[in-house]
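# Structural characterization, general
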Amino acid sequence: MKIKNKFKLTYEIPTSSQSDIAFLLIIFFIVTAIFFERTGIIFRLPKKSSQTVQLSANEFIKVEAFNDYLNISGNETEYEGLENALMQLSRENKKNVAIIYFQEDLKYGNFIKIFDVIKKLGNIKISIKPMERV
Amino acid sequence: MKASRQYKINVIIPFVTMADIAFLLLIFLIVTSSVQKNPELKLTLPQSAQFDKIKKKKNVELFVSKGGEIIFEQDRYDVNDLISVLPEDEQCIISADKETDFKLIHNIIEVLKNNDYEKIAFTVTRKADISIKRK
């Protein structure tokens, strides 16, 4: 007679460490997550059907934008001096329209600098036009 | 002599459900997290002291690289082709490199204007405002 082997191998997945694994994964997710908040300068576009308005030279602030400097209503200024120059002009003449003429190779970053200041000054409507070639 | 009471309340925190809670939290985090859809473009956004928060609703988003590539929904387009591709919407977000030619951005603005877009948001990074505040 053969003696039966009474050893039985039982296969079990260890569930006791499951919570540790889950918490470790949670900690990993929390640590690596980035709170993605986007910031931007928002502006409204005129409607397609809106009519163009003609303004005389003394009714708007003329800003000629170059990469190195700006020309504001005939006065040359650096980008750093833009805020003061525009503030002065809008206070003195109560102009709330600015027309930005940009040089063909003007960098987008420089436009944002101008736009930043205009937005800071408040209620100023802007028009953007490419500079006419001489 | 008064016999002392031998009742003891055993307070046990049920650790058995801990794994379930942890996995529920994990599933919540995975489901609610969003994957950033930015294409593989290295953009150096311009800085600005004036900015608004861009709301997380569905917006049309255009990426413009330093070299002038316009990317919309992972595909590259030319300015003239944008008219036919852009859906009808209210707001468009433009994320462009600060070294991009503004002429190209201006052309995009014209396209958006002709497609009856109401708002444009230029994405910027925050700049600490060090200028003197207006009185």
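From a predicted model like this one, the values you see are computed outputs, not experimental measurements. (Residues numbered from 1 in each chain as written. Chains lettered and ligands numbered in written order. Predicted model: local features only at pLDDT ≥ 70, side-chain atom pairs only at ≥ 80, totals over all residues. Heavy atoms only, no water.)

### Regarding the interface of chain B and chain A
Many authors give the size of an interface as the accessible area that is lost as the parts come together. To keep things clear, this is the line we draw: Pairs of residues are marked as contacts when any of their non-hydrogen atoms sit within 4.5 Å. When two components associate, each loses some accessible surface as probed by a 1.4 Å sphere; the sum of these losses over both components is called the buried area. Salt bridges are defined as contacts in which a side-chain nitrogen from Lys or Arg sits within 4 Å of a carboxyl oxygen from Asp or Glu. The helix count covers DSSP runs of H or I at least four residues long, the strand count covers runs of E at least two residues long, and both are numbered beginning at the N terminus. Residues are sorted three ways: Asp, Glu, Lys and Arg are charged, Ala, Val, Leu, Ile, Met, Phe, Trp, Tyr, Cys and Pro are nonpolar, and all the rest, Gly among them, are polar.
Between chain B and chain A, the residue contacts involve 52 residues of the former and 37 residues of the latter. Summing both sides of the interface, chain B and chain A together bury roughly 4400 Å²; the carbon and sulfur share of this comes to 62%. The tally of links from chain B across to chain A stands at four salt bridges. For R38(A), the salt bridge identified is with E61(B), shortest N-O distance 2.2 Å. Contributing elements (two or more residues each) for the side of chain B that touches chain A: α1 (18-32), β1 (47-48), β2 (52-53), β6 (91-96), α3 (102-114), β7 (119-123) and β8 (125-126) of chain B. Grouping the amino acids of the side of chain B that touches chain A by side-chain chemistry returns 25 nonpolar, 11 polar and 16 charged.

### Digging into the packing of helix α2 (residues 82-93) of chain A against helix α3 (residues 108-121) of chain A
Each pair of packed helices can be summarised by the angle the axes make with each other and by the distance between the axes. All names here are of chain A. Condition: Comment: axis = line fitted to C-alpha atoms, over the contacting stretch for helices; angle = value between 0 and 180 degrees taken between N-to-C directions. By the definition adopted for this analysis, an angle is roughly parallel if under 35 degrees, roughly antiparallel if over 145, roughly perpendicular if from 65 to 115, and oblique otherwise. By the definition used in this description, the sense in which the near helix is turned from the far one sets the handedness, with an anticlockwise turn below a right angle giving left-handed and a clockwise turn giving right-handed.
Orientation of α2 relative to α3, taken along the N-to-C sense of each, is 40 degrees, at an axis distance of 10 Å. Judged by the inter-axis angle, α2 sits oblique to α3. When the axes of α2 and α3 are compared, the crossing they make is right-handed. Contact with α2, carried on its side by L82, E83, L86 and M87, involves K113, I114, V117, I118, K120 and L121 of α3 and no other residues of that element. Looking at side-chain class alone, the contact of α2 with α3 contains seven nonpolar, no polar and three charged residues.

### What about the side chain of H106(B)?
Defined as follows: Burial classes follow relative accessibility: with a 1.4 Å probe on protein chains only, a residue under 20% of its type's maximum area counts as buried, one over 50% as exposed, and anything between as partly exposed.
Tracing the backbone through its elements, the reader meets H106(B) in helix α3. Residue H106(B) is classed as buried on the basis of its relative accessible area of 9%. Residue contacts for H106(B): discarding those within four places in its chain leaves F102(A), I128(A) and P130(A).

### Focus: the packing of helix α1 (residues 18-32) of chain A against α1(B)
Two elements in contact, α1(A) and α1(B), have axes separated by 8 Å at closest approach and are oriented at 30 degrees. Judged on the interaxial angle alone, α1(B) and α1(A) are roughly parallel. The interaxial crossing formed by α1(A) with α1(B) has left-handed handedness. Every residue of α1(B) that contacts α1(A) at Q18(A), S19(A), A22(A), F23(A), L25(A), I26(A), F29(A) and I30(A) is listed here: M18(B), A19(B), A22(B), F23(B), L25(B), L26(B), L29(B) and I30(B). Taken together, the residues of the contact of α1(A) with α1(B) sort by class into 14 nonpolar, two polar and no charged.

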